[in-house]
Amino acid sequence: MSKTYLITGATSPLGLALMERLLPTLAEGDLILAQGCGDLARLASLCQARPGFIRPYDADFTQPLAVRAFLSDLVDTYPAPTHIIHLPGLRPIQTAYAYFDEERFADDRAVQLDSALLLCKTFLPRMAQAGSGRVLFLTGGVPAAQMASTVIVKSSLEGLARSLAAEYASSGVTVNCIAPGPLLTEDTAGDPAAVRPEEVVPAMLFLLSEDAARINGVTLPIGGGTALR
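Quick caveat: nothing in here was measured; it's all calculated off a predicted structure. (Residues numbered from 1 in each chain as written. Predicted model: local features only at pLDDT ≥ 70, side-chain atom pairs only at ≥ 80, totals over all residues. Heavy atoms only, no water.)

Peer 1: How should unusual backbone geometry be read in this particular structure?
Peer 2: Peptide bonds are trans in most cases, and residues, glycine excluded, mostly fall at negative phi. Positioned with a positive phi, Gln146 is a non-glycine residue whose angle comes to about 65°. Following the sequence through the fold, Gln146 ends up in the loop between β5 (133-138) and α5 (148-168). Given a relative accessible area of 43%, Gln146 falls into the partly exposed group. (Helix = DSSP H or I, 4+ residues; strand = E, 2+ residues; numbered from the N terminus. Buried < 20%, exposed > 50% of the residue type's maximum accessible area, 1.4 Å probe, protein only.)

Peer 1: Hey, could you run me through the packing of aromatic side chains in this one?
Peer 2: For any two aromatic rings, the description comes down to two numbers: the centre-to-centre distance and the angle of the planes. Within the structure shown, the criterion is met by 5 aromatic pairs. Taking 6.4 Å as the distance between ring centres and 80° as the angle between the ring planes, the aromatic pair formed by Tyr57 and Tyr78 counts as edge-to-face. Remark: Tyr78 occurs in the loop between α3 (64-77) and β4 (83-86) and Tyr57 occurs in strand β3 (residues 54-58); sequence separation between them is 21 residues. Assessed through its relative accessible area of 14%, Tyr57 is described here as buried. (Phe/Tyr/Trp six-rings, centres within 6.5 Å; stacked < 30°, edge-to-face > 60°.)

Peer 1: Please clarify how the pattern of salt bridges should be interpreted in this entry.
Peer 2: Working definition: two side chains of opposite charge can pair if their charged atoms are close together. In this structure the tally under the stated criterion is 6 salt bridges. The closest approach of N and O atoms between Arg104 and Asp108, which form a salt bridge, is 3.3 Å. Placement of both Arg104 and Asp108 in helix α4 (residues 102-130) is noted, with a separation of 4 residues, approximately one turn of the helix. Accessibility classification places Arg104 together with Asp108 in one group, the buried group. As a salt-bridge pair, Glu199 and Arg196 come within 3.2 Å of each other at their nearest N and O atoms. By sharing partners, the salt bridges in this structure join Arg196, Glu198 and Glu199 into a single network. (Salt bridge = Lys/Arg side-chain N within 4 Å of Asp/Glu carboxyl O.)

What follows is the structure, encoded as structure tokens:
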């Protein structure tokens, strides 16, 4: 059976690291549907490494009509995904709650949560009909102070994952979350808890595999023990 990976937020450092590991494993007929937003040039080297296996999409998830158009094109053009990896997100902004930005929160929610709702509504029934599927959300590790917008949205994604996991468990579809600590970037270079994207990918690959068929509705922390502090 051919595999179709739908990766939203594919142009993020974590998305790129995941595709670097997936590409060598793909067989004839397998596909990666890779969504980014204004930054598809980041996919160029991967597309050149294995021509024809990655289909890039530029879609702005802050715009509901763009999300619906993106999903409509996928439904019309490709088989239903066998694997969904939902990684999109805006750059976190740390701000005191007294200055909570409702407009920015609306964008965070649209990019991460609202798009996930539409994506799962579109494809999980098809996965269930096929009798198998893997869904993986990116949430977060230990909540940071002055990060209310991010924490609210990530917590909602975890709730969605648990609800869908319970609903679709009998259909062979699993829905899980990964919760890495802060990913290593220029902004987090001095943070000892920062995790390199390539350190997160092995756990992702496991949860996407057939070996993880009995793991469902969980949030897996990946942070070198930061969750125990």
